[in-house]
Every structure is written in C-alpha cells, then in structure tokens.
Amino acid sequence: MSTPTDSGVVRVALLGCGTVGSQVVRLMHEHADDLAARASARLELVGIAVRDTAAERAPWVPRELLTDDAEALVRSADVVVELIGGIGPVRHLVLAALDGGASVVTGNKALLAAHGPEVHGAAKRSGADLYYEAAVAGAVPVVYGLRESLAGDNVNAVLGIVNGTTNYILDEMATKGLSFEEALAEAQELGYAEADPTADVDGHDAAAKAAILASLAFHTRVGIEDVPVTGIRDVTAEDMAEAREAGMVIKLLAVARRVTDNGTRGISVRVHPALVPATHPLAAVHGAFNAVLVEAEAAGRLMFYGQGAGGAPTASAVLGDLVAAASHKVHGGNAPRESTYAALPLLDPEHTPARTQVEIRLVDRPGTLSAVAGIYGRNGVSIESVRQTGTGADDARVTIVSHRSTEAALARTVAELSEDLRVHEVVSVMRVEGV
C-alpha cells in the first residue's frame, strides 16, 4: 500500500518536458490550489528531467528545475510522471521509481504494451501506484472506465479509433477525395503526423493501445506481439468512393473480442482498416478525435469519445492520475492492480470470425457470377450481398460482402478468386465491422 505522507506536500518529478510535459507544468502552476484541495496535499514539482537543459522551453517552465540527471530526480520524488516515451532508458527509470516506492503516472503505451507484466509487477512488489490513463486515448477516460467503472461487468468487445493521425488521414480521404499520399502530406503540414509517420500509418501505435485495452477488458495479459496489424497505406481514394456507395466509411480500428473456436473460449485482438456502416457511432468520429466503443454484458454499449492527443487534453489525463496517486500518498490506498485472473487464450487469427468485402473485376459473361458464388460455397463462406458497381467492354466490377466466417476460409476464398481465369483482378479486400 502507498505510504502516507505527513508533510502536507507530495513531491512530483517530471520526466520529459515536450508538448504534454510543458502543459502539465502550466496546469500544475495555474491550478495549484484546486489540485492541492483535491489531493489533500500540495503538489510540489521538484524537478524536470530533460535531455538538453539549454534548449528553448515554454516561458512558464521554471528553468531552475531542469536537470539532465533523471536517476537522481527519480530518487527524490513521491510521484514520478513519465512523459518521455519509448522504451530504452525509460524502462529503467520507471522500474527504479517503482522499486523505490514512488508511484508512477505514465502515458507510455509502448512500454506498457511491451513490458507490462514487469512494470505492473514492480508496482505490486513495492506497493506503489501505477496509473496510465494518457497511454491509450489522450483525454478520453477509457482506461478508468475499463479498469474501475466496468470492474463488475463482463466486457464482450472493444472497438476503437485510437490513433488520431490515421483517423485524420482517412477522414480527409473520405470527405475531400484525397489520395493517401495527399492526405498524409496535409496531416504532416498541420502537425498531426510526424515526419516519419510509420508508427501511426502502419498501425503500430494503435496495436500498443489495443494490447492495453484488451488486457484491461478481458483480465488477460496481452502484449503488442499478440496483435496482428494492418495499416492504412494501401487504402485508396477508390476504396473510399466504393465505401461511400455502399453506405460505409473506412476507419482504422483496434478490435478486441471474446470469441469461441471449436468450444474453446478465448479472445481475438487485431488492428486493421475496416468498413463501418455510416449509421454506426464510430463512423461519426472525424478529424484527429479518438473513440472507443465498449460492449458489456450488463451495461450494454458504451461510447468513450474525445481528443486523443494534444498537449492540454493529454495533460488533463495525466493530472487526473497525478491527483489520485498523490491522494493515496496522503491517505493510503492503491490504484487497482493488474488483473489477469481470466488468462484467456489468444485464439489463432485464422480461426477467428470475420466478415469481408471483396471487390473484383471479372469477365462480364453469363455464368461468371454463378462460378464466383461456387468459389465462396466451396470454401464454406456464405454471401450476404452482391453489387455490380461498374461495367466495361467484357468487364464487370463486382463487390461481394460475406456473412461472418473464419479468417482462414475467407483467405482461401480470395486466393481461389485470384487464380480463376474469369477474374481479371481482386481489387481490394477489407473487413467489415460494426454490423
């Protein structure tokens, strides 16, 4: 249990002073009295660890608190706020803080997704708190919702738009008809995308968040290596137009579900672009916003929505965790510990259920569609709808949506379509979610 302090002061060390860290400093100063009242102690910022103490900083950042000795700073604090990101030396600093009894507030999804058991274990051994609301969706309180508000319920599925960069890009493609490259360039110009956008557009950032969400939702340890990922680089303007014709939008989703395979109950977790009906709540999430839809047994469908990035919104989540950790330092008590009692197996993606939309170009002759339907039937995949979207000389463009089937059966179907002489081209294959 966190050791109560009698001094009326909780010493706070800040690791990192970038976009989010500088906003944490500002808000700690501007709302010092309110934060003290809520935590029952004054929150004293005792140091800010940065790589370059001479670099230019926001005017409200006290330069006398800057230090490049992060290890010494960690040893001097009651609560350590880690906003450096990455794994490398940060892992050592976070473990050192927890081992020393300091509580940790972090927004580091990469660290938690890669080394969650180690970090949670260190917090449990020392009795320190570990809070990480800012690690998943910025200001959106989905970690609290899953970890505490839904602790008495059974979660069946989590679908989330958890990366603002990719949502902005896809939204611009959908609304303005831009290509992926054009929308990415616009996102970079506006500061929504990094110069190297790999982590975002290839889905790795969303995969780390999916691992955290699945771990919380299903009381099972899920690491980033457990999450199959498909990014958005191959989504085209033509895909967007086809989705619009079908009454759909394309979103990059983190999807985690309870599933049953041959009587075995387990979970499926993955990140991929997916078609979502225009009437679905996630379809209305525009720009760089985030949203997570939770389907629970008793509570039903819940939607968590808001700004998933940015200095002030993310700092809000950090400060909420900081107040909770500081309050425990004053009164005793702990944040909820890692819950892994369920230990559900992660089922092979090939055996998990999915629905797909396959767009093909094929010979426009009698009997061709019947042959295509036969390919689906031979592979045990039921067809929900067939739509012909365009024709040319001896050429038809057909869109086929399947009922739910296994990933393996759907993959076999697409492979056989690709080899059939009547099919000129398999134009695109995309999963369908939210129906």
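Preceding this paragraph is the structure being described.
My aim in this report is to walk through the structure given alongside it, one point at a time. Since we're looking at a predicted model, the values are computed, not measured.

Each value, and the rule that gives it
- The residue count restarts for each chain, going from 1 along the sequence in the order it is written.
- pLDDT decides what is reported in this predicted model: residues at 70 or higher carry local features, side-chain atom pairs at 80 or more are listed and counted, and totals for whole chains, interfaces and linings draw on all residues regardless.
- As a rule here, side-chain values cover all heavy atoms of the structure and leave hydrogens and water aside.
- The term salt bridge refers to a pairing of a side-chain nitrogen on Lys or Arg with a carboxyl oxygen on Asp or Glu at a separation within 4 Å.
- Per the convention used, a helix needs a DSSP run of H or I reaching at least four residues, while a strand needs a run of E reaching at least two, with both numbered from the N terminus.
- Exposure categories follow from relative accessible area, calculated using a 1.4 Å probe and restricted to protein chains: below 20% of the type maximum is buried, above 50% is exposed, and the middle band is partly exposed.
- Under the convention used throughout, the expected extent of a helix is 1.5 Å for every residue step, that is, one less than its residue count.
- Residues forming no salt bridge and having over 30% relative accessible area are the ones grouped into patches, like charges within 9 Å of each other and nonpolar side chains (Val, Leu, Ile, Met, Phe, Trp, Tyr) within 5 Å.
- Surface accessibility in these figures is a Shrake-Rupley result with a 1.4 Å probe; residues are shielded only by whichever protein chains are displayed.
- Positive charge is attributed to Lys and Arg, negative charge to Asp and Glu, and no charge count is given to His or to the chain ends.
- Every charge is mapped onto a representative atom, which is NZ of Lys, CZ of Arg, CG of Asp or CD of Glu.
- Only protein atoms enter the 1 Å grid, on which a cavity is a set of points fitting a 1.4 Å probe that cannot get out and a pocket is an open set with protein on both sides within 12 Å along at least 5 of 7 lines, lining residues being those with an atom within 4 Å of a point.
- Grid points are joined across faces, edges and corners, and a volume is the space filled by probe spheres set on the points.
- Here the term charged refers only to Asp, Glu, Lys and Arg, the term nonpolar to Ala, Val, Leu, Ile, Met, Phe, Trp, Tyr, Cys and Pro, and the term polar to all other amino acids, Gly among them.

**With respect to the pattern of salt bridges**
A complete count under the given rule lists 21 salt bridges for this structure. Put simply, D202 and R233 hold a salt bridge, and the shortest N to O gap is 2.6 Å. Taken as a pair, D202 in the loop between helix 10 (198-201) and helix 11 (204-218) and R233 in the loop between helix 11 and helix 12 (237-245) lie far apart in primary sequence, 31 residues in all. In this structure R233 comes out as partly exposed when scored by relative accessible area, which is 37%. The shortest N-O distance in the salt bridge between E338 and R221 comes to 3.0 Å.

**Quick word on helix 1 (residues 19-30)**
With 12 residues, helix 1 extends 17 Å from end C-alpha to end C-alpha; this agrees with the ideal 16 Å at 1.5 Å per step. For helix 1, the complete set of buried residues consists of G21, S22, Q23, V24, V25, R26, L27 and M28.

**Observations regarding a negative patch on the surface**
A contiguous patch of negative charge, built from D52, D68, D69 and E71, is present on the exposed surface. Here E71 is to be found in helix 3 (residues 70-75). Owing to a relative accessible area of 40%, E71 belongs among the partly exposed residues under this scheme.

**A word on the layout of surface pockets**
Taken as a whole, the largest pocket encloses approximately 1,300 Å³ of empty space. Around the largest pocket, the lining is made up of 47 residues, and of these V20, K109, E194, D205 and A309 lie nearest the centre. Those elements that provide at least two residues to the lining of the largest pocket are helix 1, helix 5 (109-126), helix 6 (134-137), helix 8 (164-176), helix 10, helix 11, strand 10 (289-296) and helix 13 (311-331). A breakdown of the residues in the lining of the largest pocket according to their chemical character gives 20 nonpolar, 20 polar and seven charged.

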